[in-house]
Amino acid sequence: MAARKPKVIVTRKLPEPVEARMGELFDAELNISDAPMSREQLVDAVQRADVLAPTITDRIDAALLEKAGPQLKLIANFGAGVDHIDVAAANARGVTVTNTPGVLTDDTADLTMALIMAVSRRIVEGANLTQAGQFQGWSPTWMLGRRITGKKLGIIGMGRIGQAVARRARAFGLEIHYHNRKPVSSRIAQELSATYWESLDQMLARVDILTVHAPHTPSSYHLLSARRLKLLQAHAVVVNTARGEIIDENALGEMLAAGAIAGVGLDVFEHEPAINPKLLGKPNAVLLPHQGSATIEARVQMGEKVIINIQTWLDGHRPPDRVIPAML
């Protein structure tokens, strides 16, 4: 008799090739509607699944894990960030957690550069005016943005994505500054001509453009607090494609309204999908719907990593993308 296929419950709709492969390999229960699961549905899922394949929209906390059945042994997250999963609680219950790192790097870095350009050159504002029929002809003083070549770019978080942004920014002639838990290797620092700032406060006061690429952890919550945001120069631009909780969104909105900063480019928000009203309706705020990894290639590769993690675990080996509490 063939061995029973593991029950894998997938909480959101995934790219068709990924779902097809999951259906071949596992007893896969898919979310055809793509509607986020309710708390009750998540409880039901952890009580029945051998493997749960959640996304950022699912809160997998200690209370939920307490209701899990004894058969749940793997949470194979579709995404690199795991701040929505209580990894310590899962680990304590003998549940392995995996993620999908690496495949989002280039797409997120590309979108970051797009936001830097869009805000600095007022691209979205200009496009909206033109679409509304308000273009009255060229003028030497209309729709003036700011040149990015020669400006100081401050990067918070110099991991894979931070470094990918730095490489792209160098090609645009930006001067690279960064704050990280520790300096990058001398080889990378030399390659990027990057200046390390141990003091985030000192870096904030000196950069023209700030971009966030740190993970969301308890220590990074509101890392950019109201006090720190006030250290920025009035012409500074703030870009965030990491996690909304890293920035005090309310303070950011107030500074934007007061003209204390020049503009923001945000792909993530503190209370997604809700957006702080202070950010809405501002011509110098480019707001995107969390689409940093929204390429066909990235989403398929993410799904392939999920499958590899599940299959490796089934084979009795340590999954390649296992997440442990010490990593967070």
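Source: prediction; values computed, not measured.

Quick notes on the overall build of the chain
Okay, so step 1: What the chain contains, in helices and strands, is twelve helices and 13 strands.
Okay, so step 2: Scaling as 2.2 N^0.38, a compact globule of 328 residues should have a C-alpha radius of gyration of about 20 Å, and the chain matches this with 22 Å.
Okay, so step 3: Reported as C-alpha extents along the three principal axes, the dimensions of the chain are approximately 80 × 50 × 35 Å.
Okay, so step 4: Taken across its 328 residues, the chain has 48% of its residues classed as buried.
Okay, so step 5: Summing over all exposed atoms, the chain offers an accessible surface of approximately 15,900 Å²; the carbon and sulfur share of this is 53%.

Description of the UniProt feature "domain: D-isomer specific 2-hydroxyacid dehydrogenase catalytic" (unreviewed entry) in the chain
Okay, so step 1: As annotated in UniProt, the feature "domain: D-isomer specific 2-hydroxyacid dehydrogenase catalytic" (unreviewed entry) corresponds to residues 17–323 in the numbering used here.
Okay, so step 2: Between the end C-alpha atoms of residues 17–323 the distance is 25 Å, and the span holds 36% helix and 13% strand.

A closer look at the pattern of salt bridges
Okay, so step 1: Tallied over the full model, the rule gives 19 salt bridges.
Okay, so step 2: For Arg4, the salt bridge identified is with Asp50, shortest N-O distance 3.1 Å. Separated by 46 residues along the polypeptide, Arg4 in the segment before β1 (7–10) and Asp50 in the loop between α2 (39–48) and β3 (51–53) bring together distant segments of the chain.
Okay, so step 3: Overall, the relative accessible area of 63% leaves Arg4 in the exposed class.
Okay, so step 4: Asp61 is paired through a salt bridge with Arg39; the nearest N and O atoms lie 2.7 Å apart. On the criterion of sequence distance, the pair formed by Asp61 in the loop between β3 and α3 (62–66) and Arg39 in helix α2 is long-range, its members being 22 residues apart.
Okay, so step 5: Judged by relative accessible area, which is 18%, Asp61 ranks as buried.
Okay, so step 6: Three or more residues joined by partner-sharing salt bridges are found here, namely Lys7, Asp27, Glu29, Asp44 and Arg48.

A few points about the sheet that holds strand β5 (residues 96–98)
Okay, so step 1: Spatial strand order, β2-β1-β3-β4-β5-β13: six strands in an open sheet with mixed pairing. On the outer flanks of this sheet lie β2 (27–29) and β13 (322–323), each paired with one strand and no other.
Okay, so step 2: In this sheet, β3 lies alongside β1 in parallel orientation, the contact comprising three bridges. Bridged to Val10 within β3 is Ala53.
Okay, so step 3: Of the strands in this sheet, β1, β2 and β3 touch α2, which is tilted by about 160 degrees from β1.
Okay, so step 4: Running at roughly 160 degrees to strand β4 (residues 74–76), helix α12 (residues 296–314) makes contact with β1, β3, β4 and β5 of the sheet.

Calculation criteria
- Residues numbered from 1 in each chain as written.
- Predicted model: local features only at pLDDT ≥ 70, side-chain atom pairs only at ≥ 80, totals over all residues.
- Heavy atoms only, no water.
- Helix = DSSP H or I, 4+ residues; strand = E, 2+ residues; numbered from the N terminus.
- Rg over C-alpha atoms; globule rule 2.2 N^0.38 Å.
- Buried < 20%, exposed > 50% of the residue type's maximum accessible area, 1.4 Å probe, protein only.
- Areas by Shrake-Rupley, 256 points an atom, 1.4 Å probe, with all protein chains shown as cover.
- UniProt positions renumbered as here; feature names shortened; annotations may be inferred.
- Salt bridge = Lys/Arg side-chain N within 4 Å of Asp/Glu carboxyl O.
- Pairing = 2+ DSSP bridges.
- Contact = heavy atoms within 4.5 Å.
- Axes fitted to C-alpha atoms, helices over the stretch in contact; angles between N-to-C directions.

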